[in-house]
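What follows is the residue order along each chain.
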Amino acid sequence: MEVPLNPDVPLDPAAHDQFPAACWVGPRHLAGDDGRLYDTVADALSTLGWTSLTMVRGRREPDEEPEDRQVVRSTVLHLSPDTLRWAQWTLADEPFLLGDLPIAWHVCARTDTNSPLAQWSAYFTSDVPGEAVADFLVALDARRHPAAPSGGRELVLEAVTGHGWLLDIDQPHAGAMDATFTTHISYGTVPPLIQDGDPQTLTREVGEELDGWQAWSEPVLGGGCLWAASFSSSVPDDLVAAFARSVSSTAPVLRRVLPDSTRDRLLRAPAI
């Protein structure tokens, strides 16, 4: 859907009598997750036929009322029908940080049902546009072999340059950024603790790192990231390209809540 966007349309809740509560906004990579990252992704997975399981761990005292139960950890796990791929909502489960932001979704895939180990992992923090995570999972669901390599790094770069992003002048074969230099995607060393099934992860020397795709948005240089995503070294490039194509899309997205750090950078139009 293409609609004219206006940077002067406010989304101040106090102005709801003059402007709608929801607006179409762009660019997508600065639009945040609308505070609905779980719902957006979970709805997409439900449409695909994935099963959801809620796991709650805590402590319950004798004669304790249900509302007084002390829940220590709680996660929601979504499984594909063939159980070869899964997505876990970890935000309520004390996730580790990526770019100083808590990881919200952890996505994995394996080669066959005989192995309990994931072949690769992908991580998405809060404020990643939910549409991009959903498109990544739709592409994953459509794959017959979710862990088989496919394509090459050029697929990822073509996905974003097709939407007007610029190749990194220093690493044109391994990175790109949007025209305002706020959002980046780059192939390089992955952060610590990123899980991958590549045998090198078990045999590599201390200090030796594996490479993978990373994406992040930093609206103000040195001001911290709005969101971050990390893909372990074995994530197929065509799946990373699906995420990159979606997050760099020029099509506006519907939002009711805007990130404080990008509110003034977004174009917006009333949702009628």
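An account of the accompanying structure is given in this report. (Residues numbered from 1 in each chain as written. Predicted model: local features only at pLDDT ≥ 70, side-chain atom pairs only at ≥ 80, totals over all residues. Heavy atoms only, no water.)

1. Details of the overall build of the protein
Working step 1: On a plain count of helices and strands, the protein comes out with five helices and 14 strands.
Working step 2: The proportion of buried residues among the 272 residues of the protein is 46%.
Working step 3: Nonlocal contacts in the protein, meaning residues at least 24 apart in sequence, comprise 64% of its contacts between residues at least 6 apart.
Working step 4: Counting every atom, the protein has about 13,800 Å² of accessible surface; 53% of that belongs to carbon and sulfur. (Helix = DSSP H or I, 4+ residues; strand = E, 2+ residues; numbered from the N terminus. Buried < 20%, exposed > 50% of the residue type's maximum accessible area, 1.4 Å probe, protein only. Contact = heavy atoms within 4.5 Å. Areas by Shrake-Rupley, 256 points an atom, 1.4 Å probe, with all protein chains shown as cover.)

2. Observations concerning the pattern of salt bridges
Pairing of side chains with opposite charge becomes possible as their charged atoms draw close.
Working step 1: According to the stated counting rule, one finds four salt bridges in the structure shown.
Working step 2: In this structure, the salt-bridge partner of Asp34 is Arg256, at a minimum N-O distance of 4.0 Å. Taken together, the residues span a long stretch of sequence, with Asp34 in the loop between strand S1 (23-26) and helix H1 (37-47) and Arg256 in the loop between strand S13 (253-255) and strand S14 (267-270) at a distance of 222 residues.
Working step 3: With its nearest N and O atoms 2.9 Å apart, the salt bridge here joins Glu131 to Arg255. On the criterion of sequence distance, the pair formed by Glu131 in helix H2 (residues 130-142) and Arg255 in strand S13 is long-range, its members being 124 residues apart. (Salt bridge = Lys/Arg side-chain N within 4 Å of Asp/Glu carboxyl O.)

3. Some details on the packing of H1 against H2
Working step 1: For the pair H1 and H2, interaxial distance at closest approach is 9 Å and the crossing angle is 25°. For the element pair H1 / H2, the angle class is roughly parallel. For the pair H1 and H2, the sense of crossing is right-handed. Where H1 approaches H2, its residues Leu37, Thr40, Val41, Ala44 and Leu45 are matched on the opposing element by Gly130, Glu131, Val133, Ala134 and Leu137. (Axes fitted to C-alpha atoms, helices over the stretch in contact; angles between N-to-C directions. Parallel < 35°, antiparallel > 145°, perpendicular 65-115°, else oblique. Left-handed = near helix turned anticlockwise from the far one by under 90°.)

4. Here we look at the environment of Ser115
Working step 1: You can see Ser115 is positioned in the loop between strand S6 (101-109) and strand S7 (120-125).
Working step 2: Put simply, Ser115 and Leu84 are 31 residues apart on the chain and 9.5 Å apart in space, counted from C-alpha to C-alpha.

5. Quick look at the sheet that holds S13
Working step 1: Strand order in the open sheet made by the three strands is S13-S1-S14, with antiparallel pairing throughout. Of all strands in the sheet, those bounded by a partner on one side alone are S13 and S14. Averaged over all neighbouring strand pairs, the angle between strand axes comes to 40°, with direction disregarded.
Working step 2: Where S1 and S14 come together, four bridges link them in antiparallel fashion. Note on S14: the bridge partner recorded for Trp24 is Ala269. (Pairing = 2+ DSSP bridges.)

Bear in mind that shape data such as this cannot, by itself, settle questions of function.
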